[in-house]
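Each chain, written out:
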Amino acid sequence: MAYHWQSSQQKQSGVEDMTLLPKISEASIVENLKKRFMDDWIYTYIGPVLVSVNPFKQLKYFTDKEVEIYQGAASYENPPHIYALADNMYRNMMIDFENQCVIISGESGAGKTVAAKYIMAYIAKVSGGGGRVQHVKDIIIQSNPLLEAFGNAKTVRNNNSSRFGKYMEIQFSRGGEPDGGKISNFLLEKSRVVSQNQGERNFHIFYQLLAGSNGTQKGSQIPTHILDILNSMGLTEPNYYYYLNQSGVYKVDDMNDSKEFQDTVNAMKVIGISDDDQASVLLCVAGILHLGNISFREDGNYAQVDNAEFLQYPSYLFGIDQDDLMTKLTSRVMDSKWGGKSEIINLKLNTEQAAYTRDALSKAIHSRIFDFLVESINQAMQKDKEEINIGVLDIYGFEIFQRNGFEQFCINFVNEKLQQIFIELTLKAEQEEYINEGIKWKPIDYFNNKIVCDLIESKNPVGVMCVLDDVCATLHTVTEGADSKFLQKLNGAVGTHQHYQGAKEGFIVHHYAGKVSYDVEGFCDKNRDVLFTDLIQLMQSSDLEFVRDLFPEDVKGQQKGRPSTAGNKIKTQANRLVGKLMQSTPHYIRCIKPNETKRAHDWEEKRVLHQVEYLGLKENIRVRRAGFAYRREFDKFLKRYAILTEETWPQWRGDVRAGITHIMNAVHMEKDQWQLGKTKIFIKAPESLFLLEEQRERKYDTYARVIQKAFRKHNADKYYLRLKQQASDILLHQKERRRYSLNRNFVGDYIGMDDNPGLRALLGRRERVEFADTVNKYDRRFKVTKRDLIVTGKCLYLVGREIVKKGPEKGQMKEVVKRKIELGSIESVTMSTLQDDLFLLNIAGDYASLLESIFKTEFVTVLSKKYEATVSRKLKVSFSNVFEFAVKKEGWGGGGTRQVKFLTGNSDLATMKTSGKTLNVAIGPGLARDSRPGLRQTAHKGGARNGAATWNKGGGPRRAAPAIPQQQTNTPGRSVGSRGRSGKSLRRQQSTEHPSLPRDGAQHLAKRINQAHAHNQDFMSTPDAGMSGFQRKSLKPGARRPAQLVESQDQRQNHSPNYHRLEQYGIMIQMTQMNFMSVPTISLKLSVKIPQDGGEEDLEARKACFHPTMWRKYKPTISSSREAAIDETQES
């Protein structure tokens, strides 16, 4: 197993794995995360769980170098990194042949989307190659900018917030190559198309399109077919469009909309969307902007289009009739059935209903374009047979805004489900498994948010979503008052739930991450998610086939049963997602947002503490420290590690428990590091598991080397025969050859690199040694020193030896790199025409190196081959009997130039004499310059110097780097997602003269921003932890938990007293509440009895029973006396 010396050079900040914290508390966790964050170390472990803090800047450790360092390495070898988690996930998939998934959770702006990108990019780099594989990799990478353009937007909490959920499944072959994929998307925030909160933007694509149309100047990378239609879309400044000018924000810091528009168009091309469909997508995006500019005025209680000019562009871009568009926006056709008879009724709409219809059409078009893009991506990656996959969940984070509507309710519900998965698999299931397996275990308390999930989705007793669906089922065309009816029913159904709280215009849910107040306005309409038949028929009448295909419904068909609602869809999708995640081996990334300013090195202590609490990091650490890092079924464990002993390999014939015990004793693992359960073995520390893995790898490595040796010898014989021929071609007619050297077998490694780990450590981790020899190096005075000359696929190394003068290794001889030369910087190699062994390395812009090696021919041949592969041109090899070259300047002297002159002598051994700055070399004549190798000689054992092997043992890494895949291009005439369209309708559009743009846009319709309201940032502060926070605090280690709140049946009445009894510490609370729908008056009477032997622990438990304000007010009385009484009446 490779050990990475690079990591030891890194500065340590805090504790890398928080299971090693000396004190386990929320405060110590926050302090450790802060230390690391301030030193730009954003990753920290809790065992296998990765905690990531958003740095709000680009960091330097996401390069190809880090990919090489973390590939194949154990987690303890390097600092915590997302690449380590991704590599562990990929290797586990290949080892166990089981599906893997990574669950990335955290609130909005915590860095989840970026984390998902890093994981997908890493997997794309380390997995295999090939035409199809590279095609899939390109689609995986390019799907990100495309879906972000249509599904991400700026919010007050995040400049690139995902407004949809995405689960990307990367499908692999048995060899580990990504050869397919699938994206599941859910709950696109469609309402953002038509309205945004203050300080936010619409989806990025609208601003990208406008910036792209303004950036069509010289040097633009936008394809011609897109440039041809941009001028016909009626695009201008963002404030012209009603759908963009509501929030007053058009730009985002560090975001270039024009550049990202080019990336979006390029992504559509890479995915395989045809040119016609690319143009159609952008035409529809522009059509949505123009559709939003249609406004209405009241005429006799009915709506009329205020300015018919604004109908021209939407009808032109969508390919529909202008009069039909006006009719469908201001009226609605309904079927009325009475006594078996049906009657068609034409209803005229008022201005509010007309605006609602316009917005519904805009939202439907954008949503269906998004679905088309996802479908196109899936078609491009479609695979006939699924084998194994890695799933990456990138989903919107928990969020609280100034006004929280139906979308925030659904988003926060999905985050509740993800938190429940984390609890189920890391806290609850793990502890239950220990008990079931008979492992000695002390239970650890934690807050289980299943109670909040049940409040939202439960059917019996009914939850919020069931009440909402029931109310929507009773609605028909009239929706006025529906939201108030929903709120009234909701208060009656769940009003007494401890995580629910009524409010004047909505309700409050005590989520795991804090209290959120929801405004019920629009809940019913958004939940029904109905697109009226009139609008579907309108779009199906389009001249554009693309637009017609976006609306494939059969409007004449009779729908039976209750229509599905948006809430029911998201609940079904969330549960299906949970099921899929539970079938895979999960990995976790817990993302933390350090501030709301989006600035680097800005740390808000209170906000981070709140996230640490609700994410359950402290409980996670406690379970991890007390538990076992690894568990495996007996049969699987024995099968994997049977190779470690002769008795168990290749097959153990005795009792499986005895076989496992024999293996553990053979590797000398301490008894307290493992336990045998009923069906599984449990290993406590990760280091113990790494010990087993290292021993196993060494065994396999030994056997693999035997196989490699035989194959490489056979392959090397053929390779070096070709190499000798190439060497002969380089020197033919140019240089005399030494006797007995023509038919010498090439070996490559004349040092024995496999037996010199010190030399190997000086090279790059995945650099394969192509040539290695000990040579003579001549300095500026022509004095000779020994150097190890090593050639890899990237660099040429000259390695010397020095005595360590300081430190614990003082006096020892160590190898050091004296000179490292990248192959691309070598200008030429110069040799004489005689049979000597000298050669000159000429380096561009630097001094030359004069070297001597009896294997010069092999060296030049290998260098020429690698040089050409690296820089795509041939290495210049020149021949001259006079060398003139620059030398290295050392100290006060040196520098300048030197000469080497070659003369014909009488001996086969070179005679060297120095004369000032000239070295004279005399040597006798060798074989003729036109000499060539004869018959092949058989390689003999012991042919290498210094005991080196007679063939290259493969100085490269055990796990070969992936081959460079071939670029795959789409077959002409076949385009993914094109649906067979010929583009005929587009030619009609381009040939038709586009309408003129109305002079005055929708600037006058922009909402007047109330500055006082806009500057109210209270919702941005750390949220109240609510009942969930209260229950978490009550589970402090050693504290006795308060009893559950006991509620009688008559408490469900709105005006009756509510009695809550807290048995612990004798606390009695009587609360009388009146005026339910108005501001309530609450009378509190508390009687506190304190145990005789109370301590700090009791004080903390008592504190948890009170509201913080009341605790601060009465703390001296309660903490100092044995019994105290409080009687206070207050308004809240």
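Source: prediction; values computed, not measured.

(A) Structural detail: the overall build of the chain. If you tally the helices and strands in the chain, you get 32 helices and 37 strands. Considering only intrachain contacts with a sequence separation of at least 6, the fraction spanning at least 24 residues in the chain is 68%. Accessible area of the chain: about 53,100 Å², with a carbon and sulfur share of 49%.

(B) The arrangement of the nonpolar core in detail. Formed by 121 residues in total, the largest nonpolar core has its most connected members in Ile82, Ile119, Phe150 and Phe206. Not counting chain neighbours up to four residues away, the residues in contact with phenylalanine 150 comprise Leu188, Phe203, Ile205, Thr264, Val281, Val285, His366, Ile369, Phe370 and Leu373. Judged by nonpolar contacts, the second largest core, of 70 residues, contains Leu21, Val51, Ile421 and Val509.

(C) Summary view of the packing of helix H1 (residues 26-38) against helix H21 (residues 605-614). Put simply, H1 and H21 touch, their axes get as near as 10 Å, and they point 120° apart. Looking at the two axes, H1 sits oblique to H21. Classified by chirality, the crossing of H21 by H1 is right-handed. On H21, the residues that touch Glu26, Ala27, Ile29, Val30, Leu33 and Lys34 of H1 are Glu605, Val608, Leu609, Val612 and Glu613. Taken together, the residues of the contact of H1 with H21 sort by class into seven nonpolar, no polar and four charged.

(D) Highlighting the packing of aromatic side chains. Under the criterion given, the structure shown has 29 aromatic pairs. Ring centres of tyrosine 313 and tyrosine 316 lie 6.2 Å apart, and the angle between their planes is 80°; on these two criteria the pair is classed as edge-to-face. A residue pair is termed a helical-turn pair when its members lie 3 or 4 positions apart in one helix, as tyrosine 313 and tyrosine 316 do in helix H10 (residues 312-318) at three residues. With relative accessibility at 3%, the residue tyrosine 313 sits in the buried group. Judged by relative accessible area, which is 10%, tyrosine 316 ranks as buried. Among the aromatic residues, those joined into a cluster by ring pairs are Trp41, Tyr43, Tyr61, Phe62, Tyr83, Tyr118 and Tyr122. Sitting over the face of the ring of tyrosine 207, arginine 201 holds its NZ or CZ atom 3.9 Å from the ring centroid. Here the basic side chain of lysine 348 rests over the ring of tyrosine 302, its NZ or CZ set 5.7 Å away from the ring centre.

(E) Fine view of the pattern of salt bridges. Within the structure shown, the criterion is met by 44 salt bridges. Put simply, lysine 580 and glutamate 169 hold a salt bridge, and the shortest N to O gap is 3.3 Å. With a gap of 411 residues between them, lysine 580 in helix H20 (residues 566-582) and glutamate 169 in strand S6 (residues 165-172) connect regions that are remote in the sequence. Lysine 580 gets classed as partly exposed once you look at its relative accessible area, which sits at 24%. A relative accessible area of 7% places glutamate 169 in the buried class. Overlapping salt bridges, with partners in common, bring together Glu107, Lys593, Glu596, Glu604 and Arg607 in one network.

(F) Expanded view of the sheet that holds strand S12 (residues 388-394). Sheet architecture is open: seven strands sit in the order S1-S2-S16-S3-S12-S6-S7, paired in mixed fashion. Of all the strands in the sheet, just strand S1 (43-46) and strand S7 (178-186) have a single pairing partner and so form its edges. Adjacent strand axes in the sheet meet at a mean angle of 20° when their direction is disregarded. Strand direction decides the pairing type here: S6 and S7, joined by eight bridges, are antiparallel. When the sheet's bridge partners are listed, glutamine 171 is paired in S7 with glycine 180. Those strands touched by helix H3 (residues 82-96) are S1, strand S2 (49-53), strand S3 (100-105), S6, S12 and strand S16 (585-592), and its axis lies near 170° from that of S16. Docked against the sheet, helix H4 (residues 112-126) engages S1, S3, S6, S12 and S16, running at close to 155° with respect to S12.

(G) The arrangement of the sheet that holds strand S19 (residues 680-683) in detail. Strand order across the open sheet formed by three strands is S17-S19-S18, with antiparallel pairing between neighbours. The strands lining the two open edges of the sheet, one partner per strand, are strand S17 (630-633) and strand S18 (674-676). The average angle at which neighbouring strand axes cross in this sheet is 15°, direction not considered. Inspection of the sheet shows S18 paired to S19 by three bridges, in the antiparallel sense. In the strand pairing of S19, tryptophan 674 is matched with isoleucine 683.

(H) Spatial organisation of the state of the cysteines. The final tally for this structure, using the stated rule, is zero disulfides. Looking at the unpaired cysteine 524, the closest cysteine sulfur is the one in cysteine 472, lying at 4.3 Å. According to the relative accessible area criterion, cysteine 524 is buried, its value standing at 2%.

(I) Structural context of the environment of isoleucine 170. In this fold, isoleucine 170 is placed in strand S6. In sequence terms isoleucine 170 and methionine 120 are 50 residues apart; their C-alpha atoms lie 8.6 Å from each other. Sequence-distant contacts of isoleucine 170, defined by excluding residues within four places in its chain, comprise Met120, Ile140, Pro178, Gly180, Ile388, Asn389 and Ile390.

(J) Layout of the confidence of the model for the chain. When the pLDDT values of the chain are averaged, the result is 79; 79% of them are 70 or greater. Per-residue pLDDT stays below 50 along residues 1-9; that stretch engages in 24 contacts with residues further than four places along the chain or on separate chains. Ignoring residues within four places in sequence, the model shows residues 987-991, a span with pLDDT below 50, making nine contacts including any to other chains.

(K) A nonpolar patch on the surface, seen in detail. Nonpolar side chains collect at one region of the surface, where Trp649, Tyr700 and Tyr703 lie side by side and expose about 300 Å² of accessible area between them. In this fold, tryptophan 649 is placed in the loop between helix H23 (634-641) and helix H24 (656-666). With a relative accessible area of 36%, tryptophan 649 lands in the partly exposed category.

Parameters and conventions
Residues numbered from 1 in each chain as written. Predicted model: local features only at pLDDT ≥ 70, side-chain atom pairs only at ≥ 80, totals over all residues. Heavy atoms only, no water. Helix = DSSP H or I, 4+ residues; strand = E, 2+ residues; numbered from the N terminus. Contact = heavy atoms within 4.5 Å. Areas by Shrake-Rupley, 256 points an atom, 1.4 Å probe, with all protein chains shown as cover. Core = buried A, V, L, I, M, F, W, Y, C linked by side-chain atoms within 4.5 Å. Buried < 20%, exposed > 50% of the residue type's maximum accessible area, 1.4 Å probe, protein only. Axes fitted to C-alpha atoms, helices over the stretch in contact; angles between N-to-C directions. Parallel < 35°, antiparallel > 145°, perpendicular 65-115°, else oblique. Left-handed = near helix turned anticlockwise from the far one by under 90°. Nonpolar A, V, L, I, M, F, W, Y, C, P; charged D, E, K, R; others polar. Phe/Tyr/Trp six-rings, centres within 6.5 Å; stacked < 30°, edge-to-face > 60°. Lys NZ or Arg CZ within 6 Å of the ring centre and 35° of its normal. Salt bridge = Lys/Arg side-chain N within 4 Å of Asp/Glu carboxyl O. Pairing = 2+ DSSP bridges. Disulfide = S-S within 2.5 Å. pLDDT = per-residue confidence, 0-100. Patch = residues over 30% accessible without salt bridge, like charges linked within 9 Å, V, L, I, M, F, W, Y side chains within 5 Å.

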